[in-house]
Amino acid sequence: MTAARFGARPLRRLVVLRHAKSAWPEGVPDHLRPLAPRGRRDAPAAGVALAETDSLPDLALCSTAVRARQTWELASAEWGTPPPVRYESGLYAADVPELLDAVHQVPPEVETLLLIGHNPGLEELVLDLAGDSLDDALDEVRVKFPTSAIAVLAWHGSTWQDLAPGTALLTGLIVPRGKKT
């Protein structure tokens, strides 16, 4: 018998990735800031970490900011076949309600969603959604959600609209760093 016959709802994962370290070139608007050398090292390490922890997404939602797009490109280049990506301008400088609205629009066939964006919105989203965590991951997020940080939230729901504050379990927090050459 299938789980659906007993009313069990599928396990879904929201993987939250803060963009890698950005540069601050003089005269460049914030939205156009590229990755710094450290960010160009850390973004591929984030891709490797996602693969090693079996957290590869079915779909990625990515801010249109240059540093977020570059993080996606470098991270996803570490996988055999990257999933589809949707670049959404509304994710740039988004707060929790805007981020959650974007997540709620995701089709139900997506089981693992990757959200790439910015702080403070991403940190606040993780803290808002996580009712609990494994180990001390939630406490770590409360202290800092640094560049390239990856938070994995798991929850049961029929659709992404079922995701609400306090309904997810923070199952992992990783802050991958690339090797200096």
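Everything here concerns the structure above.
None of these values were measured; they are calculated from a predicted model.

Student: Would you take a moment to explain the packing of aromatic side chains for this structure?
Tutor: What describes a pair of aromatic rings is the distance from one ring centre to the other and the angle between the planes of the rings. According to the stated counting rule, one finds two aromatic pairs in the structure shown. Each ring, one from tryptophan 72 and one from tryptophan 79, has its centre 5.8 Å from the other, and the planes form 70 degrees; the classification is edge-to-face. With respect to burial, tryptophan 72 and tryptophan 79 carry one shared label: buried. Seen from their ring centres, tryptophan 155 and tryptophan 160 are 5.4 Å apart, and the 70 degrees between their planes marks the pair as edge-to-face. On the basis of relative accessible area, tryptophan 155 is assigned to the buried category, the value being 2%. A residue is classified by how much of its surface remains accessible, and tryptophan 160, at 0% relative accessible area, is buried. Above the plane of the ring of tryptophan 24 lies arginine 33, whose end atom (NZ or CZ) is 3.5 Å from the centre.

Student: Looking at this structure, how should I read the environment of glutamate 109?
Tutor: Secondary-structure assignment places glutamate 109 in the loop between α3 (96–104) and β4 (112–117). The exposed category is assigned to glutamate 109, whose relative accessible area is 61%. Sequence-wise, glutamate 109 and valine 28 are 81 residues apart; in three dimensions their C-alpha atoms are separated by 39 Å.

Student: How do you make sense of the packing of α3 against helix α4 (residues 121–129) when you look at a structure like this?
Tutor: Helix-helix packing is described using two parameters, namely the angle between the two axes and the distance between the axes. Where α3 meets α4, the axes come as close as 9 Å, and the angle between the chain directions of the two elements is 75 degrees. Taken together, α3 and α4 sit at an angle that is classed as roughly perpendicular. From α3, Val96, Leu99 and Leu100 reach across to α4, where they touch Gly121, Leu122, Glu124, Leu125, Asp128 and Leu129. Looking at the contact of α3 with α4 residue by residue, the class counts come to six nonpolar, one polar and two charged.

Student: Sorry if this is basic, but what is going on with the nonpolar core here?
Tutor: Generally speaking, soluble globular proteins have nonpolar side chains that are buried together. Within the largest apolar cluster, 32 residues are counted, with the highest numbers of intra-cluster contacts made by Leu14, Leu113, Leu115, Leu153 and Leu170. Looking at this core, the elements that each hand over two or more residues are β1 (11–18), β2 (59–63), α3, β4, α4, α5 (137–143), β6 (150–156) and β7 (168–174). A total of five residues in this core trace back to one element, the largest contributor, which is α3. When residues no more than four places from it in sequence are discounted, the contact partners of leucine 115 are Leu14, Val15, Val16, Leu17, Leu61, Leu91, Leu99, Val103, Leu122 and Leu125.

Student: Sorry if this is basic, but what is going on with the sheet that holds β2 here?
Tutor: Backbone-to-backbone hydrogen bonds pair the strands of a sheet. The strands run either parallel or antiparallel. As summarised here, the arrangement of the seven strands in space is β3-β2-β4-β1-β6-β7-β5, forming an open sheet in which the pairing is mixed. Of all the strands in the sheet, just β3 (85–88) and β5 (130–133) have a single pairing partner and so form its edges. Mean inter-strand twist for the sheet, computed between neighbouring axes without regard to direction, equals 25 degrees. In the sheet, β1 pairs with β4 via six bridges, with the strands oriented parallel. Across the sheet, the residue bridging to arginine 13 is threonine 112, located in β4.

Student: Mind showing me how you'd approach helix α1 (residues 37–52) here?
Tutor: Given 3.6 residues per helical turn, the α-helix brings residues three or four places apart onto the same face. Its 16 residues give α1 an end-to-end C-alpha distance of 23 Å, which sits within 8% of 22 Å, the value for a rise of 1.5 Å per residue. If you check which residues of α1 are buried, you get Gly39, Asp42, Ala43, Pro44, Ala45, Ala46, Gly47, Ala49 and Leu50. On the buried face of α1, the contacting elements are β1, α2 (66–76), β4, β6 and β7. Count one or two residues on from α1 and you reach aspartate 54, which has phi positive near 55 degrees.

Calculation criteria
Residues numbered from 1 in each chain as written. Predicted model: local features only at pLDDT ≥ 70, side-chain atom pairs only at ≥ 80, totals over all residues. Heavy atoms only, no water. Phe/Tyr/Trp six-rings, centres within 6.5 Å; stacked < 30°, edge-to-face > 60°. Buried < 20%, exposed > 50% of the residue type's maximum accessible area, 1.4 Å probe, protein only. Lys NZ or Arg CZ within 6 Å of the ring centre and 35° of its normal. Helix = DSSP H or I, 4+ residues; strand = E, 2+ residues; numbered from the N terminus. Axes fitted to C-alpha atoms, helices over the stretch in contact; angles between N-to-C directions. Parallel < 35°, antiparallel > 145°, perpendicular 65-115°, else oblique. Contact = heavy atoms within 4.5 Å. Nonpolar A, V, L, I, M, F, W, Y, C, P; charged D, E, K, R; others polar. Core = buried A, V, L, I, M, F, W, Y, C linked by side-chain atoms within 4.5 Å. Pairing = 2+ DSSP bridges. Expected span 1.5 Å × (residues − 1).

Keep in mind these values describe shape, not function.
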